[in-house]
Amino acid sequence: AAPTLDGAAYGVGEASAAQQQLLVQQAALQRLDSMVRQAATAGGCFVGEVISWEASKGFGFIGCPEAKAKYGKDVFLHKRFCRDVPDLGDSVVFSVELNESGQPQARDARAVSELTQQRAAYKAAQQAIAQQGEVAAASAPAYTVALQQQLQYLLAAGAAYAPGAVAGAASTAALY
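In this text the structure is predicted, and so the values were computed from the model without any measurement.

A few words on the nonpolar core. For soluble globular proteins, nonpolar side chains are generally found buried alongside one another. Of all hydrophobic cores here, the largest spans 14 residues; its most connected members are Phe 46, Ile 62, Cys 64, Val 75, Leu 77, Phe 94 and Ala 106. Of all the elements in the fold, those that place two or more residues in this core are β3 (46-54), β5 (75-78), β6 (91-98) and β7 (104-111). In this view, Val 75 contacts Gly 60, Phe 61, Ile 62, Ala 67, Phe 94, Val 96, Pro 104, Gln 105 and Ala 106; residues no more than four positions away in its chain are not counted. Of all hydrophobic cores here, the second largest spans 13 residues; its members include Leu 22, Val 36, Val 93 and Tyr 122.

Listed below in structure tokens is the structure:
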């Protein structure tokens, strides 16, 4: 049986529909992110997020924890090495080459629109809940444990997919 989200023990009452939806979106995002990362890694690539982009100059930077651990900095991105011109916040898959100064530069960068959309939906849901003030700040740490337990159950049960996420994940994985 699924663990319940009885927040009464934490002083927050039952989990709202918005919180339940956030939990499902989080699980779907984690699952899709994991699938994309596995496929990219198998192809010798990285997955990151465009953290800065100067459209007028045609360059920016990709934030990627794995690349940063390996190269010590964010990865430079130039539009001539992109399949499509990215936007700030886009999730991208890319390979890395070092320039003559030893700086990491993205090559063959391509957007992963399904992942970008899933991240945006999750962030919007988080903001909506924060604005509603549904969880009291004092009880949030304990309540987060209950939410994480529910998330683990959903992932284990395979119920973490939002409608259409399975097809999107499969098509994304097939690209790499």
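Still more to cover.
In this section: the pairing of β3. As judged from the 4 bridges shared by β3 and β6, these two strands associate in the antiparallel manner. Paired with Phe 46 across the two strands is Phe 94, which belongs to β6. The pairing of β3 with strand β4 (residues 59-63) spans 5 bridges and is antiparallel. Bridge assignment links Trp 53 to a residue of β4, and that residue is Gly 60. Counted between consecutive antiparallel strands, the loop separating β3 from β4 contains 4 residues, among which Gly 58 sits at a positive phi close to 75 degrees.

All right, on to helix α3 (residues 113-132) then. In this model, α3 (20 residues) spans 29 Å end to end at C-alpha, consistent with the 28 Å of a helix rising 1.5 Å per residue. For α3, the full list of buried residues reads Leu 115, Thr 116, Gln 118, Arg 119, Tyr 122, Ala 125 and Ile 129. Positive backbone phi, at 65 degrees, marks Gly 133, one or two positions downstream of α3.

Right, let's talk about the pattern of salt bridges for a bit. Summed over all chains, the structure comprises 8 salt bridges. For the salt bridge of Arg 107 with Glu 97, the shortest nitrogen-to-oxygen distance reads 3.5 Å. Residue Arg 107 is located in strand β7, and its partner Glu 97 is located in strand β6; the two are separated by 10 residues in the primary sequence. Judged by relative accessible area, Glu 97 falls into the partly exposed class, the value being 44%. Linked by salt bridges that have partners in common, Asp 33, Arg 37, Glu 66 and Arg 119 make up one network.

Moving on, we get to the pairing of β4. Two strands pair when backbone bridges link them, and β4 and β5 are joined in this way by 4 bridges, in the antiparallel orientation. Paired with Ile 62 across the two strands is Val 75, which belongs to β5.

What follows is about unusual backbone geometry. In this structure, Asp 108 is a non-glycine residue whose phi angle is positive, near 50 degrees. Positionally, Asp 108 belongs in strand β7.

Let us now look at the confidence of the model for the protein. For the protein, per-residue confidence averages 78 on the pLDDT scale, and residues scoring 70 or more make up 67% of the total. When mean pLDDT is taken per element in the protein, β5 scores highest with 98 and helix α5 (residues 165-174) scores lowest with 39. Throughout residues 6-12 the model reports pLDDT below 50, and contacts reaching past four residues in sequence, or to other chains, amount to 15 contacts. Taken as a whole, residues 135-139 scores under 50 in pLDDT and shows 7 contacts with residues more than four places along the chain or in a different chain.

Enumeration according to the criterion identifies 4 aromatic pairs in this entry. Three or more aromatic residues joined by ring pairs make a cluster, and in this case those are Phe 46, Tyr 71 and Phe 94. Sitting over the ring of Phe 81, Arg 107 keeps its end group 3.7 Å from the ring centre.

This next bit is on the packing of helix α1 (residues 17-42) against α3. Between α1 and α3, the shortest axis-to-axis distance is 9 Å and the interhelical angle comes to 155 degrees. With respect to α3, the axis of α1 lies roughly antiparallel. In this structure, the crossing between α1 and α3 has a hand that is left-handed. Between α1 and α3, the residues in contact are Ala 18, Gln 19, Leu 22, Gln 25, Gln 26, Ala 28, Leu 29, Leu 32, Asp 33, Val 36 and Arg 37 and Glu 114, Leu 115, Gln 118, Arg 119, Ala 121, Tyr 122, Ala 125, Gln 126, Ile 129 and Gln 132, respectively.

Analysis parameters
Within any chain, residue numbers begin from 1 and follow the written order of that chain's sequence. Restriction of local features to residues with pLDDT of at least 70 applies here, the model being predicted, together with a cutoff of 80 or more for giving and counting side-chain atom pairs; totals for whole chains, interfaces and linings are based on all residues. Only hydrogens and water are set aside; all other atoms, that is, all heavy atoms of the structure, feed into the side-chain values. Residues enter a nonpolar core if they are buried and are Ala, Val, Leu, Ile, Met, Phe, Trp, Tyr or Cys, with the set joined through side-chain atoms within 4.5 Å. Using a 1.4 Å probe on the protein chains alone, a residue whose accessible area is under 20% of its type maximum counts as buried, one over 50% counts as exposed, and one in between counts as partly exposed. Under the DSSP-based scheme used, a helix requires at least four consecutive residues in state H or I and a strand at least two consecutive residues in state E, with every element numbered from the N terminus. What makes two residues a contact is simply this: any of their non-hydrogen atoms within 4.5 Å. Pairs of strands are assigned from DSSP output, requiring at least two bridges between the strands. Given a helix with a known number of residues, its expected span is that number minus one, times 1.5 Å. Here, a salt bridge means any side-chain nitrogen of Lys or Arg that lies within 4 Å of a carboxyl oxygen of Asp or Glu. Residue-level confidence of the predictor is what pLDDT reports, using numbers from 0 through 100. A pair of Phe, Tyr and Trp rings is counted when the ring centres sit within 6.5 Å of each other, with Trp represented by its six-membered ring. The angle between the planes then sorts it: under 30 degrees is stacked, over 60 is edge-to-face, the rest tilted. Note on criteria: charge over ring means Lys NZ or Arg CZ within 6 Å of the ring centre, with the direction from the centre no more than 35 degrees off the ring normal. Interaxial angles span 0 to 180 degrees and are taken between N-to-C directions of axes, which are lines fitted to C-alpha atoms, for helices over the stretch in contact. Roughly parallel means an angle under 35 degrees; roughly antiparallel, over 145; roughly perpendicular, 65 to 115; everything else is oblique. By definition, turning the near helix anticlockwise from the far helix through less than a right angle yields a left-handed crossing, and turning it clockwise yields a right-handed one.

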